[in-house]
Amino acid sequence: MPDAFVARSLEEIRFWSRIMKEHSLFLKLGFRCEDTTLINEANQFYSIFENIESRANQFTVGTDPNVIRRFNEEVHNAVSHIWLFKRKILQLILTCQLPGANNFPLLVDHTSREANYFRNRLAELNAGRLDPLPDAIINENVFFLRIMADHAKFISHLLDPSERKLVDQANEFSHDFDQLLYQAVDLDSMRPQSQTVPLLDQFLDQNRVSVVALRDFKKTARDLIEACRIKSIIHPLLADHVYREAEHFLEIINMFELSLTGKKN
């Protein structure tokens with residue numbers, strides 16, 4: 001349906017263009033002052049995705065699908081370029097050409113995985129080839145469970161070591177989501193036999209419980225950071241960024257649950 005295609009495209013672009021814009025800022029903040037070329041590239045990407053986000057907010061569901069299809073292609077091109085930029089940064093870090101920079105290799109890889117996810121989604125939307133529900137449930141959860149596990153690890157390493165209780169909590173979430181990810185990978189390798197409604201329903205229910213707990217932890221951490229009540233080197237925007245991604249994952253889980261069983265959460 002044309003309206004569904006437009007609505008889904010705009011939803012993805014509005015969410016992920018903001019994420020890409022913020023990635024540009026976070027990467028820039030981790031460069032050394034002498035890395036002027038990289039800083040300038042990050043600033044350019046920030047402007048590009050800020051513009052895309054603004055334009056996406058001007059479209060409505062009633063927009064001509066052909067206009068949105070062309071917009072998707074334009075955004076796909078921009079995302080492909082920022083993906084290449086992120087992989088270039090990762091190469092520089094892993095070959096010790098950016099000594100003293102403050103971007104974890106895993107964080108750079110994490111941001112590039114999200115860019116790759118975004119551009120693949122745009123290509124799928126334009127081609128009209130979204131995964132069937134059972135495949136989408138497993139694929140999306142494998143992707144986002146790893147994202148959530150990464151977030152917990154970043155929080156643990158960016159909190160001040162003296163914040164022992166919060167560090168322990170972040171490490172517990174890291175372990176929890178690693179286990180959930182391994183379970184998702186096992187379910188993946190067992191398909192199609194694993195794709196029964198009872199198994200997928202339990203899979204979603206179990207993941208939801210952990211995502212809600214992590215989402216609430218991120219919200220608390222964000223509020224404490226904004227109020228300057230804990231010690232960390234976490235940028236307040238980064239704290240909000242990871243909170244929004246947990247919220248987004250939760251929305252996806254609830255959408256899958258509704259489609260699978262008709263239950264609302």
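The structure contained in this document is the topic of the report that follows. Think of each chain on its own: its residues are numbered from 1, step by step along the sequence as written. Predicted model: local features are reported for residues with pLDDT of at least 70 only, side-chain atom pairs are reported and counted for 80 or more only, and whole-chain, interface and lining totals are derived from all residues. Just so you know, side-chain values use all the structure's heavy atoms and leave hydrogens and water out.

**A word on the overall build of the protein**
Here is step 1: The helix and strand tally for the protein stands at eight helices and zero strands.
Here is step 2: Its helices and strands taken in sequence order, the protein reads α-α-α-α-α-α-α-α from the N to the C terminus.
Here is step 3: Taken over C-alpha atoms, the radius of gyration is set against a globule rule of 2.2 Å times the number of residues to the power 0.38. For 265 residues, the compact-globule formula gives about 18 Å, and the C-alpha radius of gyration of the protein, at 19 Å, lands near that figure.
Here is step 4: Taken over the C-alpha atoms alone, the protein extends approximately 50 × 45 × 35 Å along its principal axes.
Here is step 5: Every one of the 265 residues in the protein was classed for burial, and the buried ones make up 50%.
Here is step 6: Contacts between residues were defined by any pair of non-hydrogen atoms, one from each residue, lying within 4.5 Å. Across the protein, contacts joining residues at least 24 apart in sequence account for 80% of those joining residues at least 6 apart.
Here is step 7: Element-wise, carbon and sulfur atoms account for 54% of the exposed surface of the protein, whose accessible area totals about 12,900 Å².
Here is step 8: Taking the average location of the 31 positive side-chain charges in the protein and that of its 37 negative ones, the two points are 2 Å from each other. Secondary structure is summarised from DSSP: a helix means a run of H or I of at least four residues, a strand means a run of E of at least two, and numbering begins at the N terminus for each. Relative accessibility thresholds used throughout: buried, under 20% of the residue-type maximum; exposed, over 50%; partly exposed, between the two (1.4 Å probe, protein chains only). Method for areas: the Shrake-Rupley scheme with a 1.4 Å probe, in which residue coverage is limited to the protein chains shown. The charge count treats Lys and Arg as positive and Asp and Glu as negative. His and the chain ends do not count. Note that the charge is assigned to NZ on lysines, CZ on arginines, CG on aspartates and CD on glutamates.

**Looking at helix α8 (residues 236-261)**
Here is step 1: To estimate how far a helix should reach, multiply one less than its number of residues by 1.5 Å. Here α8 is 26 residues long and its end C-alpha atoms lie 38 Å apart, about the 38 Å a rise of 1.5 Å per residue gives.
Here is step 2: One or two residues past the end of α8 sits Gly262, with phi positive at roughly 85°.

**Focus on the packing of helix α6 (residues 164-189) against helix α7 (residues 197-226)**
Here is step 1: Contact geometry of α6 with α7 gives a least axis separation of 11 Å together with a crossing angle of 160°. Of the possible angle classes, the one that applies to α6 and α7 is roughly antiparallel. Crossing of α6 over α7 shows left-handed handedness. Across the interface between the two elements, Leu166, Gln169, Ala170, Phe173, Asp176, Phe177, Leu180, Gln183, Ala184 and Leu187 from α6 touch Leu200, Phe203, Gln206, Asn207, Ser210, Val211, Ala213, Leu214 and Phe217 from α7.
Here is step 2: Classes in brief: Ala, Val, Leu, Ile, Met, Phe, Trp, Tyr, Cys and Pro nonpolar; Asp, Glu, Lys and Arg charged; the others, Gly included, polar. Counted by class, the contact of α6 with α7 contains 13 nonpolar, five polar and one charged residues. For every element, the axis is a line fit to its C-alpha atoms; helices are fit only across the contacting stretch, and the angle between N-to-C directions ranges from 0 to 180 degrees. Here roughly perpendicular refers to angles of 65 to 115 degrees, roughly parallel to angles under 35, roughly antiparallel to angles over 145, and oblique to all remaining angles. Crossing handedness follows the turn of the near helix against the far one: under a right angle anticlockwise gives a left-handed crossing, and clockwise gives a right-handed one.

**Some points on the packing of aromatic side chains**
Here is step 1: Pairing of aromatic side chains requires ring centres within 6.5 Å, counting the rings of Phe and Tyr and the six-membered ring of Trp. Pairs whose planes differ by under 30 degrees are stacked, by over 60 edge-to-face, and all others tilted. Within this structure, the stated rule accounts for 11 aromatic pairs.
Here is step 2: Plain terms: the ring middles of Tyr117 and Phe144 are 5.5 Å apart, the flat faces sit at 75° to each other, and that makes the pair edge-to-face. Here Tyr117 is found in helix α4 (residues 105-127), whereas its partner Phe144 is found in helix α5 (residues 133-158), with 27 residues between them in sequence. Across this residue pair, the class does not change: Tyr117 and Phe144 are buried.

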